[in-house]
Amino acid sequence: MRLTVAQALVRFLAAQYTERDGRRHRLIAATWGIFGHGNVAGIGQALLESGPQAMPFLQGRNEQAMVHAAVGYARQSGRLSTHAVTTSIGPGATNLVTGAALATINRIPVLLLPGDTFATRPADPVLQQLEVPYAGDVSVNDALRPVSRHFDRVTRPEALVPAALQAVRVLTDPVQTGAVTLALPQDVQAEAYDWPEEFFAERVWGVRRPRPDRTELAAAADAVRGSARPLIVAGGGIRHSAAQASLAALAEATGIPVAVTQAGKGVLPHGHPADVGGIGHTGTAAAAALARQADLVLAAGTRLSDFTTASATLFQDPGVRFVGLNLDPYDAHKLAARPLVADAREALDGLREALAGHRVDTAYETAYRQEAARWEARVDAAYAVSAADEELPPTQAQVLGLLDALVDGSDVLVNAAGSLPGDLHKLWRARSADQYHLEYGYSCMGYEIPAAIGVALAAPDRPVWALVGDGTYLMNPTEIVTAVQEGVPIRLVVLDNHGYASIGGLSGAVGGEGFGTAYRFRAPDGAYTGDPLPVDLAANAASLGMAVIRARTVRDLREALAEARSATRPTCVYVQTRTPDTVSGPPPAQAWWDVPVAETATRKAAAGAREEYDRQAAQRRRHL
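The sections below set out a description of the structure shown in this document. (Residues numbered from 1 in each chain as written. Predicted model: local features only at pLDDT ≥ 70, side-chain atom pairs only at ≥ 80, totals over all residues. Heavy atoms only, no water.)

Structural notes on the overall build of the chain
Rules: Numbering of helices and strands runs from the N terminus, with a helix taken as a DSSP run of H or I at least four residues long and a strand as a DSSP run of E at least two residues long. Partly exposed describes any residue whose relative accessible area lies between the buried limit of under 20% and the exposed limit of over 50%, with all areas from a 1.4 Å probe on protein chains only and scaled to the type maximum. Here, two residues are considered to be in contact whenever any of their heavy atoms come within 4.5 Å of each other. Per-residue and other accessible areas follow the Shrake-Rupley method at a 1.4 Å probe size, with only the shown protein chains counted as cover for residues.
Assigned secondary structure in the chain consists of 24 helices and 23 strands. Across its three principal directions, the C-alpha atoms of the chain cover 70 × 70 × 55 Å. The buried share among the 624 residues of the chain stands at 57%. In the chain, once contacts between residues fewer than 6 apart in sequence are set aside, the share between residues at least 24 apart is 77%. Counting only carbon and sulfur atoms, one obtains 53% of the accessible surface of the chain, whose full area is about 24,500 Å².

Digging into the sheet that holds strand β6 (residues 82–87)
Stated precisely, the cut-off is as follows: DSSP calls a pair of strands paired once it identifies at least 2 bridges connecting them. Structural elements are reduced to axes, namely lines fitted to C-alpha atoms, with helices fitted over the stretch in contact, and the angle between N-to-C directions of any two is expressed from 0 to 180 degrees.
Strand order across the open sheet formed by six strands is β5-β4-β6-β7-β9-β8, with parallel pairing between neighbours. Both outer strands of the open sheet, β5 (57–59) and β8 (150–153), are each paired with one neighbouring strand and no more. Direction aside, the axes of adjacent strands within the sheet are offset by 20° on average. The pairing of β6 with strand β7 (residues 110–116) spans four bridges and is parallel. When the bridges of β7 are listed, Val-85 appears paired with Leu-112. Against the sheet, helix α6 (residues 160–171) contacts β4 (28–33), β7, β8 and β9 (179–185), and its axis sits at roughly 160° relative to β9.

Brief notes about helix α17 (residues 420–427)
For α17, the buried fraction is high: eight of the eight residues fall into the buried class. Considered for burial, the residues of α17 that qualify are Leu-420, Pro-421, Gly-422, Asp-423, Leu-424, His-425, Lys-426 and Leu-427.

Comments concerning a nonpolar patch on the surface
Applied cut-off: Patch membership is restricted to residues that have no salt bridge and whose relative accessible area is over 30%. Joining uses 9 Å for like charges and 5 Å for the nonpolar side chains Val, Leu, Ile, Met, Phe, Trp and Tyr. Within this document, salt bridges are pairs made up of a side-chain nitrogen of Lys or Arg and a carboxyl oxygen of Asp or Glu, the two lying within 4 Å of each other.
Taken together, Leu-474, Phe-521, Leu-533 and Val-535 make up a surface patch of nonpolar side chains, about 330 Å² in accessible area. With respect to the secondary-structure elements, Val-535 resides in the loop between α21 (501–509) and α22 (537–543).

Notes on the packing of aromatic side chains
Aromatic ring pairs are defined here through the distance separating the ring centres and the angle between the ring planes. Counted only if it meets this: The aromatic pairing rule takes the rings of Phe, Tyr and Trp, using the six-membered ring of Trp, and pairs them if the centres are within 6.5 Å, calling planes under 30 degrees apart stacked, those over 60 edge-to-face and the rest tilted. Here, a charge over a ring means that NZ of Lys or CZ of Arg falls within 6 Å of the ring centre while also lying within 35 degrees of the ring normal.
Applying the stated criterion across every chain yields a total of 11 aromatic pairs. Residues Phe-315 and Phe-322 carry aromatic rings whose centres are separated by 5.4 Å and whose planes lie at 85° to one another, so their mutual orientation is edge-to-face. For Phe-322, a relative accessible area of 3% puts it in the buried group. With a centroid separation of 5.7 Å and 75° between ring planes, the pair formed by Tyr-364 and Tyr-368 is classed as edge-to-face. Note that Tyr-364 and Tyr-368 are positioned in helix α15 (residues 362–383) at a spacing of four residues, about one turn of the helix. Its relative accessible area of 2% is what places Tyr-368 among the buried residues. We note Arg-11 situated over the ring of Phe-200; from NZ or CZ to the ring centre the distance is 5.7 Å. Across from the ring centre of Tyr-17, 5.9 Å away, lies the NZ or CZ of Arg-24, which sits over that ring.

Thoughts on the nonpolar core
Quick note on the threshold: Within this scheme, the nonpolar core is defined by two criteria: the residues are buried Ala, Val, Leu, Ile, Met, Phe, Trp, Tyr or Cys, and they are joined through side-chain atoms within 4.5 Å.
Grouped together as the largest cluster of nonpolar side chains are 53 residues, with contacts concentrated most on Ile-238, Leu-247, Val-258, Ile-279 and Leu-351. For Ile-279, the contacting residues outside a window of four places in its chain are Leu-231, Val-233, Ala-259, Val-260, Thr-261, Ala-287, Ala-291, Phe-307, Thr-308, Leu-314, Phe-315 and His-425. Counting residues in hydrophobic clusters, the runner-up holds 50 residues, among them Leu-58, Val-455, Ile-490 and Val-494.

Describing the pattern of salt bridges
Going through the model one piece at a time under the given rule, you end up with 39 salt bridges. A salt bridge links Glu-19 to Arg-24; its shortest N-O distance comes to 4.0 Å. When its relative accessible area of 46% is taken as the criterion, Arg-24 is described as partly exposed. The salt bridge involving Arg-565 is made with Asp-408; its shortest N-O contact spans 3.2 Å. Placement of the pair is Arg-565 in helix α23 (residues 554–565) and Asp-408 in the loop between α16 (396–406) and β18 (412–415), with a sequence separation of 157 residues. Since its relative accessible area comes to 22%, Arg-565 is described here as partly exposed. Taken together, the shared-partner salt bridges connect Arg-20, Asp-21, Arg-209, Arg-211, Asp-343, Arg-345 and Glu-346 into one network.

Honestly, that's just the spatial picture; any functional story needs more than this.
See below:
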């Protein structure tokens, strides 16, 4: 079959499927693209020729945002289906780097198809070509190598066959998956070749569920039986494996409490008797107390990042030991854990069977449930709205409380960066396994709006909310145009606090005095302490085509959120938030996070912060 390389690739991708638990999914459900000279006559022409039935096309406004949308789609689809993203050479390709890093760090599959400079070098250099004196075969696409799980450059037509097969192998591997990059020289894209028809045959890639090794499973079960205060730390791997029911069954059978990471929140529904909330720097007091006294930690489907471990200060029992349940041996061995390398669902079911008849002490179970109940009272206090509050601007916690009172299990909340992830991890009451969509592996400002589009494309009948601060909004509002164009009714909630509130708070805590974090005019002394900038984010969203509802007070906001939830077009709710007070503000961090503080300083704030840093850092330990 004689086709160009680009035509062959599009046809090949349209015939790839995944299958898990007897259910089949199309692997590449659509392709996002912005066209330039590096891909318009190659992948662009191939998409046009194939037609929307073979390969649907989505027009983006920013290459990074297109990757975020693909990630949102893939995560909502359980990593069983994703999107491809095509760009031109030059800045279009380098704009992919941040999105690729986000996908790879979060272990989410996405296929990147950047154009590349000529393989045949008829003119050298061409427009946008990076000239590297020491290497003639380097292009800007090589910047994608460290942030891709697999990278290849297709410099000959016949090389596409093994390259495409390897790309799909990695995309469908639950351990290796992440960003996969196929760099496509613009001349090779348009070159014709006689392809074997077998290349375009439908292929179904099974997504494996490896069972645990018997010896590892027995050792893990023995460790649980030998512990007095076990704790399960559940991460995103539970969700990716669709192991929520297995986790709940294990917790119910044994009484072991479950704390959740940002990626794992929601794997137990709010109100489950074993759920003690978020763990780590942004977690609950209940989870932190349990972690500090735990003598065994079952780390299930988590990368054990510094936020989760409170920078290696959280697990304080002198004899604490770890069991690492993970598909990836790299993660399973962290903290010198006993590894349990397996699919989460298979391993949790195996543990439940191996622990038949075993249950934690009643006193331990009673104690952690009481701790969880005390935390719920703190959540109620943060969400509370008094009669006087009704006519005041809401605090950020009250915004979440009003949303909490409105949504049900069908709603999905998307967030990634700023002060919202901390508040959400501590306060939000997840009602379904996939309601809580936090990208915190890379905590990328600008992820939320395009990711919400991807989520809504994967779940078109569910209300999808993108929660952003003003700093995040200004990073990447461009895909509002895409939502309007495609008629994707995302609900955007913009919380305007006139600056980088999260980093401002951190700056204050580490002696930085909030330097450079406020959105204000310069004062006479040169600092950004003047009046707030006259930036109207609501007007901006409206200018991009969104319906906009301005909310001034708590009462306004309650009505605006309800209106937005029932909207059938992309809708923005804009509100300026009030500085939280000691009653309605969220509880402070319950565990430390290591952000180094200046060891020498003349300013009092930094000197005081260093004393606190040294005190906290002294609690850090190596788990061996």
